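Residues per chain, in single letters:
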Amino acid sequence: MAFTKDDIRAALGAVMHPSGEDIVSRGCVMNIAVCDEHASIRVCMTQGEPDATQPPKEQLTKVGAVIDSCVRASAKEQGINDLGLIIDFVNHQGEVVMKLKGDVKSGGNAGEPSKQGGNTPQNKDATGVPGVKHIIAVGAGKGGVGKSTIAVNLAVGLAKKGHAVGLLDGDIYGPSLPTMMGLQSHDQVVIEGALQPFMVHGVKCITMGKLVETDKPLIWRGPMAHGAFHQLIERTQWGELDYLIIDLPPGTGDVPLTLAQSVQLAGAVVVCTPQKVAQDDAVRASAMFESLGVEVLGVVENMSFFIGDDGKEYDIFGRGGAQTMAQKLNHPFLGAVPINMALRSNGDTGNPSANFDADSAGGEQLPKALSGMVDQFEAQVTLAQMSRGAGKPTLSIS
Ligand code: ADP
């Protein structure tokens, strides 16, 4: 037996709106997603009343508690005793005004909206960078899934849309920026002790790969890696930036964890390939960010599928796996990037700009996929900013 959207919709039919109608009949249920033992529900209590103000927090918490108990009871009937449930209350613009996670109890502390992210806040000594609006980490549960490729193309795509963008190669043990951004013939310039970023493909880049001899293994212990990373961030003359994208080392070990914790991140992007083993690692990467109180802005499914010369799409790794994983974790999905020869060769030759041009990218498909990812990313940054209370009128919750 499987727990379905219809089961949830039926359960929500028992939840009353203050108008006396149930929330389903009133059209308040905007979205239901369910996958195995995880479900998320999006509710707009003022649906159909564009001028109405959002109900007070206490009322939303009470409605959330009723939704929680009705849906949980229905899940139990299907043999699911420990449902992971997220309830998002949204306004007419689809912005989340309150998020409830876990077992919601009306009135008590458990009914408080969960903070975005998790338990351990980021280190209070975390570094911010003056003049930089959003510092975003790109992480992955394991190496080789295309984390650097996505970080590079995200940065270049944002720059193409007119943003001021920096890209920091935080993968200090295996820097790939010199190759992927075509920095081989460039020398690092230092002016009065400040590292000058390389301006290539519209992006300001900095990488350990231009400061050390990369043909020798970098055998740095944690504190040394940490120190080197900090120097890269703090000693670089970034200037004013809209986004600083950090390509983190892969995995969830001590080094990526410490680095992620030591910078004031506005959010993180998790890169994953579709197969189950990669998803499991990505779940751990996502949990790492959440445990640091860093919001996961979205998941990118890389190497999603392959289009052969016959024009057919082949789901080599099981297309949609990372998307399903994102849905389970209630993270936004930023898009699927196919396996594409031009993406690999433009990476090898340090010409990521070519990925955005149909003539050099072997057709429209790659530019479209990458631009879609960039658009989704921008939208999620804006939403995250709004949910933190910046850039929107304050909701009057009395
Ligand atoms: P990571 O940073 O996760 O270790 P990289 O971004 O370095 O992974 O990618 C590993 C290799 O796979 C690179 O050669 C890159 O060009 C290639 N690659 C990544 N994504 C794709 C893709 N979607 N299609 C084709 N090749 C890819």
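What counts and how
Residues numbered from 1 in each chain as written. Predicted model: local features only at pLDDT ≥ 70, side-chain atom pairs only at ≥ 80, totals over all residues. Heavy atoms only, no water. Near = heavy atom within 4 Å. Areas by Shrake-Rupley, 256 points an atom, 1.4 Å probe, with all protein chains shown as cover. Helix = DSSP H or I, 4+ residues; strand = E, 2+ residues; numbered from the N terminus. Nonpolar A, V, L, I, M, F, W, Y, C, P; charged D, E, K, R; others polar. Expected span 1.5 Å × (residues − 1). Buried < 20%, exposed > 50% of the residue type's maximum accessible area, 1.4 Å probe, protein only. Contact = heavy atoms within 4.5 Å. Axes fitted to C-alpha atoms, helices over the stretch in contact; angles between N-to-C directions. Parallel < 35°, antiparallel > 145°, perpendicular 65-115°, else oblique. Left-handed = near helix turned anticlockwise from the far one by under 90°. Phe/Tyr/Trp six-rings, centres within 6.5 Å; stacked < 30°, edge-to-face > 60°. Lys NZ or Arg CZ within 6 Å of the ring centre and 35° of its normal. Patch = residues over 30% accessible without salt bridge, like charges linked within 9 Å, V, L, I, M, F, W, Y side chains within 5 Å. Salt bridge = Lys/Arg side-chain N within 4 Å of Asp/Glu carboxyl O. Pairing = 2+ DSSP bridges.

**Q** How should the site of the ligand be read in this particular structure?
**A** Around the ligand, the surrounding shell holds 15 residues, and the nearest of these are Gly-144, Lys-147, Ser-148, Thr-149 and Pro-338. When isolated, the ligand has an accessible area of 560 Å², and the protein chains bury 80% of it. At the level of secondary structure, the elements contributing two or more residues to the shell around the ligand comprise α3 (147-160), β13 (296-307), β15 (333-339) and α9 (341-348). Sorting elements by how many residues they give to the shell around the ligand places α3 first, with 3 residues. Here the shell around the ligand is composed, by residue class, of 6 nonpolar, 7 polar and 2 charged.

**Q** Would you mind showing me how to read helix α7 (residues 276-291) here?
**A** What sets the pattern is the α-helix's 3.6 residues per turn: residues three or four places apart point alike. The end-to-end C-alpha separation of α7 is 22 Å, in line with the 22 Å expected for 16 residues at 1.5 Å each. Among all positions in α7, only Ala-278, Gln-279, Asp-281, Ala-282, Ala-285, Ser-286, Met-288 and Phe-289 are buried. Turning to α7, the residues buried within the fold contact β5 (132-140), α6 (254-261), β12 (267-272), β13 and α8 (321-328). Directly beyond the C-terminal end of α7, a positive phi value near 75° is found at Gly-293.

**Q** For this particular structure, what's the right way to read the packing of helix α1 (residues 5-12) against helix α2 (residues 57-77)?
**A** The axes of two packed helices give the description: the angle between them and the distance between them. The geometry of α1 relative to α2 is characterised by a closest axis approach of 9 Å and an angle of 135° between their N-to-C directions. Between α1 and α2, the angle is such that the two are oblique. α1 and α2 meet at a crossing whose hand is right-handed. Taken together, the residues of α2 that come into contact with α1 (itself represented by Asp-7, Ile-8, Ala-11 and Leu-12) are Ile-67, Cys-70, Val-71 and Ser-74. Each residue belonging to the contact of α1 with α2 can be placed in one class, and the counts come to 6 nonpolar, 1 polar and 1 charged.

**Q** Teacher, can you tell me more about the packing of aromatic side chains here?
**A** The description of an aromatic ring pair uses the distance of the two centres, along with the angle that the planes make with each other. Tallied over the full model, the rule gives 1 aromatic pair. The positively charged end of Arg-319 is found above the aromatic ring belonging to Phe-305, 3.7 Å away from the centroid.

**Q** Help me understand a nonpolar patch on the surface in this model?
**A** Taken together, Phe-306, Tyr-314, Ile-316 and Phe-317 make up a surface patch of nonpolar side chains, about 340 Å² in accessible area. By the secondary structure assignment, Phe-317 is in the loop between β14 (313-314) and α8.

**Q** Sorry if this is basic, but what is going on with the sheet that holds strand β1 (residues 29-35) here?
**A** The strands making up a sheet are joined through hydrogen bonds of the backbone, oriented either antiparallel or parallel. Overall, mixed pairing links the 4 strands, which are arranged β1-β2-β3-β4 in an open sheet. Because the sheet does not close on itself, it has two edges, and the strands there are β1 and β4 (96-101). Between one strand and the next, the sheet's axes are offset by a mean angle of 10°, whatever the strand orientation. As paired strands, β1 and strand β2 (residues 38-43) are joined by 6 bridges and run antiparallel to one another. Following the sheet pairing, Ala-33 is matched in β2 by Ser-40.

**Q** What's the story with the pairing of β12 in this structure? I'm lost.
**A** Here is the key point about a regular strand: its side chains alternate between the two faces of the sheet. When you tally the buried positions in β12, you get 6 out of 6 residues, the bulk of the element. The two faces of β12 match: Gly-267, Val-269 and Val-271 on one face and Ala-268, Val-270 and Cys-272 on the other face are all buried. The pairing of β5 with β12 spans 5 bridges and is classified as parallel. Bridge pairing in β12 places Ile-136 opposite Gly-267. Summarising the sheet, β12 and β13 pair through 5 bridges and their orientation is parallel. Residue pairing for β13: Val-270 is matched across the bridge by Val-299.

**Q** Can you walk me through the packing of α3 against helix α10 (residues 365-387) in this structure?
**A** Remark: α3 packs on α10, axes separated minimally by 9 Å, with the N-to-C direction vectors making an angle of 75°. Looking at the two axes, α3 sits roughly perpendicular to α10. Along the contact surface, α3 presents Ile-150, Asn-153, Leu-154, Gly-157 and Leu-158, while α10 presents Leu-370, Met-373, Val-374, Phe-377 and Glu-378. Residues that form the contact of α3 with α10 fall into these classes: 7 nonpolar, 2 polar and 1 charged.

**Q** Help me out: how do you make sense of the pattern of salt bridges in this one?
**A** Here the structure, examined in full by the defined rule, presents 16 salt bridges. Asp-171 serves as the salt-bridge partner of Lys-147, at 3.5 Å between the closest nitrogen and oxygen. Pair noted here: Lys-147 is in helix α3 and Asp-171 is in the loop between β6 (165-169) and α4 (177-180), with a separation of 24 residues, a long-range link. The residues Lys-147 and Asp-171 share a single accessibility class, namely buried. Among the ionic pairs, Glu-313 bridges to Arg-319, the shortest N-O distance being 2.4 Å. Taken together, the salt bridges that share partners define one network made up of Glu-21, Arg-26 and Glu-49.

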